[in-house]
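# Residue-level structure breakdown
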Amino acid sequence: MPGPKTVNLALQGGGSHGAFTWGVLDFLLEDERLDFAAITGTSAGAMNAVVLAEGYVQDGRAGARDNLAKFWRSVSNQNALSPIEAKIFDLFFGCGTIPARFVSWWTDFVTHFASPYEFNPFDLNPLRDHLKEVVDFEKVRACDKFKLFVPATNVHTGKIRVFQRHELTADHVMASACLPFLFRAVVIDDVPYWDGGYMGNPALFPLFYESSSADIVIVQINPIARDETPITAREIQNRLNEITFNGALMGELRAIDFVNRLVDSGRLSSHDYMRPFVHCIDGGNVLRPYSAATKLDASWSLIGHFFEFGRAAAKDWIDRTYDSIGQESTLDLRMAFA
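Residues numbered from 1 in each chain as written. Predicted model: local features only at pLDDT ≥ 70, side-chain atom pairs only at ≥ 80, totals over all residues. Heavy atoms only, no water.

On to the overall build of the protein, then. On a plain count of helices and strands, the protein comes out with 13 helices and eight strands. Expressed as a percentage of contacts within the protein between residues at least 6 apart in sequence, the contacts between residues at least 24 apart total 78%. (Helix = DSSP H or I, 4+ residues; strand = E, 2+ residues; numbered from the N terminus. Contact = heavy atoms within 4.5 Å.)

Below you can see the structure in the form of structure tokens.
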């Protein structure tokens, strides 16, 4: 029986919607038809990636699955935080209760009229503290099973910076998840960084240069299309965020399609240019009914739903496309950005 095929994973960020990605990873790890050459992940995608890597060092695929489950349970377990910490924690992975909605409305007001340097002068960030507590980054850096890439946005230059496995710490992951209206910029080597999603959600280009696999599997959790026209201020902001955090990915897909067409036409040599095979496990259809605001809902019931959605989507995708992996793209790039 032939061994598993090797692919690259590209994991989008999106708060609690990242539990969909957890479900995808859980199924792929259990299924064993695929190995991973490299993983690139932004924000919640980066968290999934480092938690998977730590678990893999401990006990292979089973360890990775167990570690992901523990992480997402800990995200939902607000009892681990003090009441004050919990309110700040909710700004990224929030609670979905009715009182929390009022907190969220208050947060909307504050973040539009004050910066985190004003309303959070002590730079409290329990998400950062929680990540340091639950993830052993020494083990992450020791995981040589696959390469890891975590992008962040350089505040000064506006350019993307991609951090690699050997240098990763909690600060690098928090830089990738730093929403500037909620948290202060994360300073690494005297350089401030904001969320990587502004420039790469996720960043695909490192896979072209650093990975031996031509197959890229995008786990997409930010819907590209919505039929409704946003009307309220919150709806407009949520939709703008979705468009913004898909923009860089759309640009990279256009570039891949352009290069592929040049290779196919013989204008570029296939010996000098990789022709990537692009695939997508799309959470858009199942996550579309959930507004962008639910990215701030870390109730275990909702996280469990997203997890099951991810497992089902991964099973459906690999059952339909496994024979094409290594042979051709299963994502129609023209349709993806048309």
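Tracing the backbone shows glutamine 220 in strand E7 (residues 215–220). Side-chain polar atoms of glutamine 220 contact the backbone oxygen of asparagine 222, separated by 3.4 Å. (Polar contact = N/O pair within 3.5 Å; in protein donor to acceptor, adjacent residues only side chain to side chain.)

Moving on to helix H12 (residues 300–321). When the terminal C-alpha atoms of H12 are compared, their 31 Å separation across 22 residues agrees well with the 32 Å that a helix rising 1.5 Å per residue should span. Here H12 has its buried residues at Leu302, Ile303, Phe306, Phe307, Gly310, Arg311, Ala313, Ala314, Trp317, Ile318 and Thr321. If you follow the buried residues of H12, they end up packed against helix H1 (18–31), strand E2 (34–41), helix H2 (44–76), E7, strand E8 (277–282) and helix H11 (284–287). (Expected span 1.5 Å × (residues − 1). Buried < 20%, exposed > 50% of the residue type's maximum accessible area, 1.4 Å probe, protein only.)

With respect to the helices and strands, the residue leucine 34 is situated in strand E2. In this structure, leucine 34 is in contact with Pro4, Lys5, Val7, Leu28, Arg61, Trp317, Ile318, Tyr322 and Ile325, ignoring residues within four places of it in sequence.

Here we come to the pairing of strand E6 (residues 191–194). Pairing between strand E3 (residues 147–154) and E6: two bridges, direction antiparallel. Residue pairing in the sheet places asparagine 154 in a bridge with tyrosine 193 of E6. Bridge count for strand E5 (residues 186–188) against E6 is three bridges, and the pairing is antiparallel. The residue bridging isoleucine 188 from the neighbouring strand is valine 191, located in E6. (Pairing = 2+ DSSP bridges.)

Let's shift gears to the packing of aromatic side chains. If you walk through the whole model with that rule in mind, you get eleven aromatic pairs. With centroids separated by 6.4 Å and ring planes inclined at 5°, the aromatic side chains of tryptophan 22 and tryptophan 72 adopt a geometry described as stacked. Here tryptophan 22, found in helix H1, pairs with tryptophan 72, found in helix H2; they are 50 residues apart in sequence, far enough to count as distant. For the ring pair tyrosine 198 and phenylalanine 245, a centre distance of 5.0 Å and an interplane angle of 40° mean the geometry is tilted. Here phenylalanine 245 lies in helix H10 (residues 233–264) and tyrosine 198 lies in the loop between E6 and helix H9 (205–210), a separation of 47 residues in the sequence. By relative accessible area, phenylalanine 245 is classed as buried at 11%. (Phe/Tyr/Trp six-rings, centres within 6.5 Å; stacked < 30°, edge-to-face > 60°.)

Attention now moves to the pattern of salt bridges. As a working rule, side chains carrying opposite charge can pair if their charged atoms are close by. Tallied over the full model, the rule gives 17 salt bridges. A salt bridge links glutamate 242 to arginine 239, with the nearest nitrogen and oxygen atoms 2.9 Å apart. Placement of the pair is glutamate 242 and arginine 239 together in helix H10, with a separation of three residues, close to one helical turn. Owing to a relative accessible area of 2%, glutamate 242 belongs among the buried residues under this scheme. Here arginine 261 makes a salt bridge to aspartate 257, at a shortest N to O gap of 3.1 Å. (Salt bridge = Lys/Arg side-chain N within 4 Å of Asp/Glu carboxyl O.)

This paragraph deals with the nonpolar core. Counting 66 residues, the largest nonpolar core has Leu28, Phe36 and Leu52 as its most contacted members. Counting residues per element, this core draws most heavily on H2, at 13 residues. Membership of the second largest hydrophobic core comes to 16 residues, among which are Leu204, Met250, Ile256 and Val278. (Core = buried A, V, L, I, M, F, W, Y, C linked by side-chain atoms within 4.5 Å.)

Further remarks concern the pairing of E7. For E7, the tally of buried residues reaches six of six residues, placing the bulk of the element in the interior. Side chains Asp215, Val217 and Val219 of E7 all project onto a buried face; the interleaved residues Ile216, Ile218 and Gln220 project onto the opposite face, where all are buried too. Strand direction decides the pairing type here: E7 and E8, joined by six bridges, are parallel. Bridge assignment links valine 219 to a residue of E8, and that residue is isoleucine 281. After leaving E7, the chain enters H10 and then returns to the sheet as E8, a path that is right-handed. (Right-handed = clockwise from strand over helix to strand, strands pointing away.)

The omega angle of the peptide bond from asparagine 201 to proline 202 is -5°, so this bond is cis rather than trans. Among the structural elements, proline 202 can be located in the loop between E6 and H9. Even without being glycine, aspartate 189 reaches a positive phi, approximately 55°. Along the polypeptide, aspartate 189 turns up in the loop between E5 and E6. Of the residues examined, aspartate 189 reaches a relative accessible area of 70% and is grouped as exposed.

For the pair H1 and H12, interaxial distance at closest approach is 6 Å and the crossing angle is 45°. As judged from the angle between their axes, H1 and H12 are oblique. Considering the relative orientation of H1 and H12, their crossing is right-handed. Across the interface between the two elements, Ala19, Phe20, Trp22, Gly23, Val24, Asp26, Phe27, Leu28, Glu30 and Asp31 from H1 touch Trp300, Ile303, Phe306, Phe307, Phe309, Gly310, Arg311, Ala313, Ala314, Lys315 and Ile318 from H12. For the contact of H1 with H12, a count of residues per class yields 14 nonpolar, two polar and five charged. (Axes fitted to C-alpha atoms, helices over the stretch in contact; angles between N-to-C directions. Parallel < 35°, antiparallel > 145°, perpendicular 65-115°, else oblique. Left-handed = near helix turned anticlockwise from the far one by under 90°. Nonpolar A, V, L, I, M, F, W, Y, C, P; charged D, E, K, R; others polar.)

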